Amino acid sequence: MGRAVRPAPRPSGAGGAPLLGAAASVARHLVADRAVTGSAADIPPGGGGVVRMGGEPCAVYRGEDGVARAVSAVCPHMRCVVAFNDVDRTWECPCHGSRFALDGTVLDGPARRPLEKRPIDE
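Time to look at the pairing of strand β2 (residues 56-62). Of all seven residues in β2, six are buried, a share of seventy percent or more. Between strand β1 (residues 47-53) and β2, which pair antiparallel in sequence order, lie two residues; one of them, Gly-54, sits at a positive phi of approximately 60 degrees. Summarising the sheet, β2 and strand β3 (residues 68-72) pair through five bridges and their orientation is antiparallel. Bridging from a neighbouring strand, Tyr-61 pairs with Arg-69 of β3.

Here is the structure:
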């Protein structure tokens, strides 16, 4: 005769909290990052930030020379929105740690494709 199979216990209490906390953090980034607003004109020389241009989030860096350059702010790995690291002057994905140069080139994965260049609205 067959044996009854018991379902695996679900994580609860302190044991399941780290996993649930990580999932909530990723969910917050996926939702909150889509609400980015502002304009490229708000980015100071030597600074970077994510602004909405043409209806999509764009990562804008303004060089010390005052010239602004833009790439898509959407990480090609899992579609999270990158953030500017003003110490390293890189774009970083908060979801899985991909890092990109100011021009969108991949520095560290898991992303394999660069951030796409975007025209600048000023």
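Here the focus is the pairing of β3. Burial analysis of β3 places four of its five residues in the buried class, the great majority of the element. Relative to strand β8 (residues 117-118), β3 runs antiparallel, the two sharing two bridges. Residue pairing across strands places Ala-70 opposite Arg-118, the latter belonging to β8.

Where charged atoms of side chains with opposite charge meet at close range, the side chains can pair. Overall, the coordinates contain seven salt bridges when judged by the stated rule. The salt bridge partner of Arg-118 is Glu-56, with a shortest N-O separation of 2.7 Å. Placement of Arg-118 in strand β8 and of Glu-56 in strand β2 is noted, with a sequence separation of 62 residues between them. Salt-bridge contacts for Arg-99 lead to Glu-92; the nearest nitrogen and oxygen are separated by 3.3 Å. When salt bridges that share partners are traced, they join Asp-88, Glu-92, Arg-99 and Asp-108 into one network.

What follows covers the state of the cysteines. Scanning the entire structure with this criterion turns up one disulfide. A sulfur-sulfur separation of 2.0 Å characterises the disulfide bridge that pairs Cys-80 with Cys-95. With the S-S dihedral at roughly -95 degrees, the linkage between Cys-80 and Cys-95 falls on the left-handed side. Taken together, the positions of Cys-80 in the loop between β3 and β4 (83-85) and Cys-95 in the loop between β5 (90-92) and β6 (99-100) put the pair 15 residues apart, joining distant regions of the chain.

About the thresholds
Residues numbered from 1 in each chain as written. Predicted model: local features only at pLDDT ≥ 70, side-chain atom pairs only at ≥ 80, totals over all residues. Heavy atoms only, no water. Buried < 20%, exposed > 50% of the residue type's maximum accessible area, 1.4 Å probe, protein only. Helix = DSSP H or I, 4+ residues; strand = E, 2+ residues; numbered from the N terminus. Pairing = 2+ DSSP bridges. Salt bridge = Lys/Arg side-chain N within 4 Å of Asp/Glu carboxyl O. Disulfide = S-S within 2.5 Å.

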